[in-house]
Amino acid sequence: MDPMSKRTFLAAGLAAGVAALPLRAGAADPNRKLGYAILGLGYYATRIIMPRFAECEQSRLVALVSGTPEKLKTFGEQYGIPESHRYSYETFDRIADNPDVDIVYIITPNSLHRTFTERAAKAGKHVMCEKPMAATAADCQAMIAACKAAGRKLMIGYRSRFQAHNIEAIKLVRDGALGPVRTIVADHGFTIGDPKQWRLNKALAGGGSLMDIGIYSLNATRYLTGEEPVAVNAMESTDRSDPRFKEVEDIISFQLLFPSGATANCYSAYSANFNRYRVTGPKGFVEIDPATSYQGQSMRTQLGGPPTPREPAPTKTNQFSAQLDHLSECILTGREPIVSGEEGLKDLRIIEAIYRSAREGRTVKL
Ligand code: NAD
């Protein structure tokens, strides 16, 4: 979209939708970059997300929230964030009085997503929340309710939906290039280290590999088919004598059945390295390996001939900046994000069914 048509498009969206939202004065400028506060200054926030504001067209970094004063100082200085826009978890609620902040992006351990989402919504801010949306489906519902009550948008950080190879795969599958989908194989895992990290603490993580990395397999089966599974079957393998796995699962494999008859076979692991999926139908397959990594995606298709490498249509920018700008654009135009809170809730409901299936040794209907 060229800049002029984008302006026209946004202006039309404003006229249609945003009038209903109590946006502050000045917000009606469709060329304004919306202001993000990043909450939780850990690895993903500081190493992956914050540098990507540089490539955003509609989003800018304006505030920081952290429990560590040194991090607020270091990153505040690095990104030119004034002290008035730096918050601790105790002073966070004062963000309500900061008109520069439109969106709070929550990048903390999983079980803290709910309380920070509720506080951000109460402060009148829109919310971007990392995956998994929360530790339980009940928490997800509370987060959706909080944002709805505040009239604010809620989006989950499913960045692969903005990544070129994944967008191409979705298009191929949905356009019927493979014929009706019969099978999806999706495997996500990495070898986890330090037993003391929060990812291995049930109270903070909500669960093990499935919550953290296996969710990419699950989410991919849903965005590739555009369907919701009707049954799940799961099996777990965890060495409980390994100090890393006292509280959460290591390997969990699960099968999903979709209404069309498509099936998925997925692995999630904290002791094996893979990041890939393959979708197969009677007319061929599409596979990406690695599929949902930060970079380096590689795609092959077999569509009538031999398996062939495929380059997807280029996207305007990288998956991270596109994700950030998507929420800004949705706020400006009054649209719902393609990965709203409802999307995060659906994954959590299925995750809970996967755990139940593994625990009870039976197929769970959804
Ligand atoms: P991290 O450990 O590097 O950072 C977590 C941050 O939360 C730290 O700054 C820590 O100080 C802070 N924190 C606040 N309260 C805490 C508490 N009680 N215990 C521990 N830490 C606390 O983790 P991360 O890898 O940045 O992951 C953070 C979130 O981002 C998780 O929900 C994770 O699933 C998600 N994530 C998403 C992606 C992605 O590609 N979308 C990648 C990595 C992480």
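Predicted model, so just to flag it, every value in this text is computed and none were measured.

## Comments concerning the overall build of the protein
So, step 1. From N to C terminus, the protein includes ten helices and 15 strands.
So, step 2. By the compact-globule yardstick of 21 Å for 366 residues, the protein fits well, its C-alpha radius of gyration being 21 Å.
So, step 3. Taking all 366 residues of the protein together, 55% fall into the buried category.
So, step 4. As presented, the protein carries roughly 15,600 Å² of accessible surface, and 54% of it is formed by carbon and sulfur atoms.

## Notes on helix 4 (residues 113-122)
So, step 1. Those residues of helix 4 not exposed but buried are His113, Phe116, Thr117, Ala120 and Ala121. One face of helix 4 carries all of its buried residues, which in axial projection span an arc of 135 degrees.
So, step 2. In this structure, the buried side of helix 4 is in contact with strand 1 (34-39), strand 4 (103-106), strand 5 (126-129), helix 5 (137-150) and strand 6 (154-156).

## Quick notes on the confidence of the model for the protein
So, step 1. Mean pLDDT for the protein: 93, with 92% of residues reaching 70 or above.
So, step 2. Across residues 1-28 the pLDDT falls below 50, and counting only partners more than four positions away or on other chains, this stretch makes 39 contacts in the model.

## A closer look at the pattern of salt bridges
So, step 1. Enumeration according to the criterion identifies 22 salt bridges in this entry.
So, step 2. Close ionic contact of Glu77 with Lys73 constitutes a salt bridge, the shortest N to O distance being 3.1 Å. Of this pair, Glu77 and Lys73 both sit in helix 3 (residues 69-79), separated by four residues, roughly a single helical turn.
So, step 3. The class of Lys73 is partly exposed, set by a relative accessible area of 48%.
So, step 4. Residues Arg335 and Glu329 are paired through a salt bridge, measuring 3.3 Å at the closest nitrogen-oxygen approach.
So, step 5. A relative accessible area of 36% places Arg335 in the partly exposed class.
So, step 6. The network of salt bridges with shared partners includes Arg222, Glu228, Glu343 and Asp347.

Scoring rules and cut-offs
- Residues numbered from 1 in each chain as written.
- Predicted model: local features only at pLDDT ≥ 70, side-chain atom pairs only at ≥ 80, totals over all residues.
- Heavy atoms only, no water.
- Helix = DSSP H or I, 4+ residues; strand = E, 2+ residues; numbered from the N terminus.
- Rg over C-alpha atoms; globule rule 2.2 N^0.38 Å.
- Buried < 20%, exposed > 50% of the residue type's maximum accessible area, 1.4 Å probe, protein only.
- Areas by Shrake-Rupley, 256 points an atom, 1.4 Å probe, with all protein chains shown as cover.
- Arc of directions from axis to C-beta.
- Contact = heavy atoms within 4.5 Å.
- pLDDT = per-residue confidence, 0-100.
- Salt bridge = Lys/Arg side-chain N within 4 Å of Asp/Glu carboxyl O.

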